[in-house]
Amino acid sequence: MANLLTLDIIDGYTRPVVLLKEDITCLIDTGADVPVFSRS
């Protein structure tokens, strides 16, 4: 079976942050009790 999804984890963060496109970064949900969404 082919691997259809690959994510590049960005170094320098204490949580898993991935780069989706050139200017879009996302924090992977680690099961926190309170979800937090931010935009920079």
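Preceding this section is the structure that the text describes.
The following refers to the structure shown.

What counts and what doesn't
- Residue numbers here run from 1 along each chain, matching the order of that chain's written sequence.
- The predicted origin of the model limits local features to residues at a pLDDT of at least 70 and limits the giving and counting of side-chain atom pairs to 80 or more, whereas totals for whole chains, interfaces and linings rest on all residues.
- Side-chain numbers come from the whole structure's heavy atoms, not from hydrogens or water.
- Only DSSP runs of H or I with at least four residues qualify as helices, and only runs of E with at least two residues qualify as strands; both kinds are numbered from the N terminus onward.
- Think of it in three bands: residues with accessible area under 20% of the maximum for their type are buried, residues over 50% are exposed, and the middle band is partly exposed, with areas taken using a 1.4 Å probe on protein chains only.
- Surface accessibility in these figures is a Shrake-Rupley result with a 1.4 Å probe; residues are shielded only by whichever protein chains are displayed.
- Two strands pair under a simple rule: DSSP has to find at least two bridges between them.
- A patch consists of residues whose relative accessible area exceeds 30% and which take part in no salt bridge; residues with like charges are grouped when within 9 Å of each other, and nonpolar side chains (Val, Leu, Ile, Met, Phe, Trp, Tyr) when within 5 Å.
- Here, a salt bridge means any Lys or Arg side-chain nitrogen found within 4 Å of an Asp or Glu carboxyl oxygen.

Remarks on the overall build of the protein
For the protein, the count of helices and strands is 0 helices and 3 strands. Listing each helix as α and each strand as β along the protein from the N terminus yields β-β-β. For the protein, the residues scored as buried account for 5% of the 40 residues in total. Only carbon and sulfur atoms are counted for the fraction: they give 54% of the accessible area of the protein, which is about 4,300 Å².

Digging into the sheet that holds strand β3 (residues 24-27)
A sheet is described by the order of its strands in space; here 3 strands give the open sequence β1-β2-β3, paired in antiparallel fashion. In this open sheet, the two strands that pair with only one neighbour each are β1 (8-9) and β3.

Some details on a nonpolar patch on the surface
Together, L5, L7, L20, I24 and I28 give the surface a local cluster of nonpolar side chains, amounting to about 430 Å² of exposed area. Its location among the elements puts I24 in strand β3. According to the relative accessible area criterion, I24 is partly exposed, its value standing at 36%.

Here we look at the pairing of β3
Examined bridge by bridge, strand β2 (residues 17-21) and β3 share 4 bridges and lie antiparallel to one another. The residue bridging L19 from the neighbouring strand is T25, located in β3. Where β2 folds back onto β3 in an antiparallel hairpin, the turn is made up of 2 residues.

Everything listed here is a matter of geometry and, on its own, says nothing about what the molecule does.
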